[in-house]
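Breakdown of the fold
Single-letter residue listing:
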Amino acid sequence: MSSPTADHDSAEVLDDIFETLAELAPEIRDSLPGRRTKSDEVNPSGETRMEADAYADELLEEALGGIDGVGWYASEEQAEPIDHGEGVSVALDPLDGSSNLKPNSPMGTIIAVYDGELPAGGDDLLAAGFVLFGPILTMVVARDGRLTESVVENGEIDVIDDDVTIPEEPTVYGMGGRVPDWTEGFAAFIDEIEDEYKLRYGGSMVADVNQVLTYGGIFSYPALQSAPNGKLRLAFEGIPMAYIIECAGGVSSDGTQSILDVEATDLHQRVPVHLGNEELIDRVEAHLADE
Ligand code: P6P
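Let me begin by describing the structure that accompanies this report.

Analysis parameters
Residues numbered from 1 in each chain as written. Predicted model: local features only at pLDDT ≥ 70, side-chain atom pairs only at ≥ 80, totals over all residues. Heavy atoms only, no water. Phe/Tyr/Trp six-rings, centres within 6.5 Å; stacked < 30°, edge-to-face > 60°. Helix = DSSP H or I, 4+ residues; strand = E, 2+ residues; numbered from the N terminus. Buried < 20%, exposed > 50% of the residue type's maximum accessible area, 1.4 Å probe, protein only. Near = heavy atom within 4 Å. Polar contact = N/O pair within 3.5 Å; in protein donor to acceptor, adjacent residues only side chain to side chain. Areas by Shrake-Rupley, 256 points an atom, 1.4 Å probe, with all protein chains shown as cover. Nonpolar A, V, L, I, M, F, W, Y, C, P; charged D, E, K, R; others polar. Contact = heavy atoms within 4.5 Å. Axes fitted to C-alpha atoms, helices over the stretch in contact; angles between N-to-C directions. Parallel < 35°, antiparallel > 145°, perpendicular 65-115°, else oblique. Left-handed = near helix turned anticlockwise from the far one by under 90°.

This part takes up the packing of aromatic side chains. Each aromatic ring pair is described using two quantities: the centre-to-centre distance and the angle formed by the ring planes. Following the criterion strictly, the structure yields three aromatic pairs and no others. When the centroid spacing of 6.1 Å and the interplanar angle of 40 degrees are considered together, the rings of Phe186 and Phe189 count as tilted. With Phe186 and Phe189 both in helix α3 (residues 184-193) and three residues apart, this pair spans about one turn of that helix. Summarising the burial analysis for this pair, Phe186 and Phe189 share the class buried. Put simply, the rings of Trp182, Phe186 and Phe189 touch in pairs and so form one group of aromatic residues.

Encoded structure:
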């Protein structure tokens, strides 16, 4: 596979990618009501696929794969990257939190753009972003060390904050996994902070991380006793969300290091995820180190 970014101005390609994502977002959102059923398929991570997952993946692959300068399309729904010629690699969670569709709770789309062959690590990340299907359709984009937030109206991008920064004072915490499955160190961390902050966990990483970006705090999907690498996927969730939080002045960790420094060896590898204010990441890392 030749270098994915040969002969393409990546700033222009990034503009095209995020404009395309914004154009597509209303169509994905409008497709949700008719696709709340589970399909009889599982994704490469072994999770049951909703009809909506498959449809969003199809729309995104066709639109993003058709951009001049996008060479590879990869997603949580595809076992292998799909070849689209020359250019950057896009890696998506097409419908993050799709299990929230049934209870009509928020969900979204996460995208990472890598300047390199997949699997790729944080060093190869060019940009990241997510679309949040909440009461308002919003999109955040992390590029060149800065995080912007936009409202997406009829597929148009209306920037409402061109330098999103995580509040200095943490307020909320959210964490995945079943309590009995937490490791001792993580359970001790939660014991320590639970009377200091408000619990905000909704089962969709996009919405839960957006709570931390808005109010300050920490989101964790930790290493579990039953799953030492946790649940979330490095390429499609861990790395893009780590870059997003770090561009907003927050910190990411897999328990010991920035998620952007985790070595990528497999497209669907999982990674423990801790994202938020530096003081809280330091505290969770200290408890995990004591295990
Ligand atoms: P649980 C959604 O399936 C997801 O990948 C993330 O969006 C979310 O943070 C997590 O899994 C929710 O997992 O175990 O709470 O259902």
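Now for the site of the ligand. Surrounding the ligand, one finds Asp96, Gly97, Tyr201, Gly203, Ser204, Met205, Phe219, Tyr221, Lys231, Leu232, Arg233 and Glu237. Between the ligand and the protein, one listed contact pairs an oxygen atom with a side-chain N or O atom of Tyr201 at 2.6 Å. A distance of 3.0 Å is found between an oxygen atom of the ligand and a side-chain nitrogen or oxygen belonging to Glu237. Protein burial of the ligand: of its 400 Å² of free accessible surface, 78% is covered by the chains. Per-class residue counts for the shell around the ligand are five nonpolar, three polar and four charged.

Further remarks concern the side chain of Ser220. Within the fold, Ser220 resides in strand β13 (residues 217-221). Apart from residues no more than four positions distant in its own chain, Ser220 is found in contact with Gly174, Met175, Gly176, Phe186, Val273 and His274.

Moving on to the packing of helix α1 (residues 10-31) against helix α2 (residues 51-65). It is at 10 Å that the axes of α1 and α2 come closest, and there the two elements cross at 155 degrees. For the element pair α1 / α2, the angle class is roughly antiparallel. As α1 runs across α2, the sense of the crossing is right-handed. Residues Ile17, Thr20, Leu21, Leu24, Glu27, Ile28 and Ser31 of α1 touch α2, and the partners they reach there are Tyr55, Ala56, Leu59, Leu60, Ala63 and Leu64. The class makeup of the residues in the contact of α1 with α2 is ten nonpolar, two polar and one charged.

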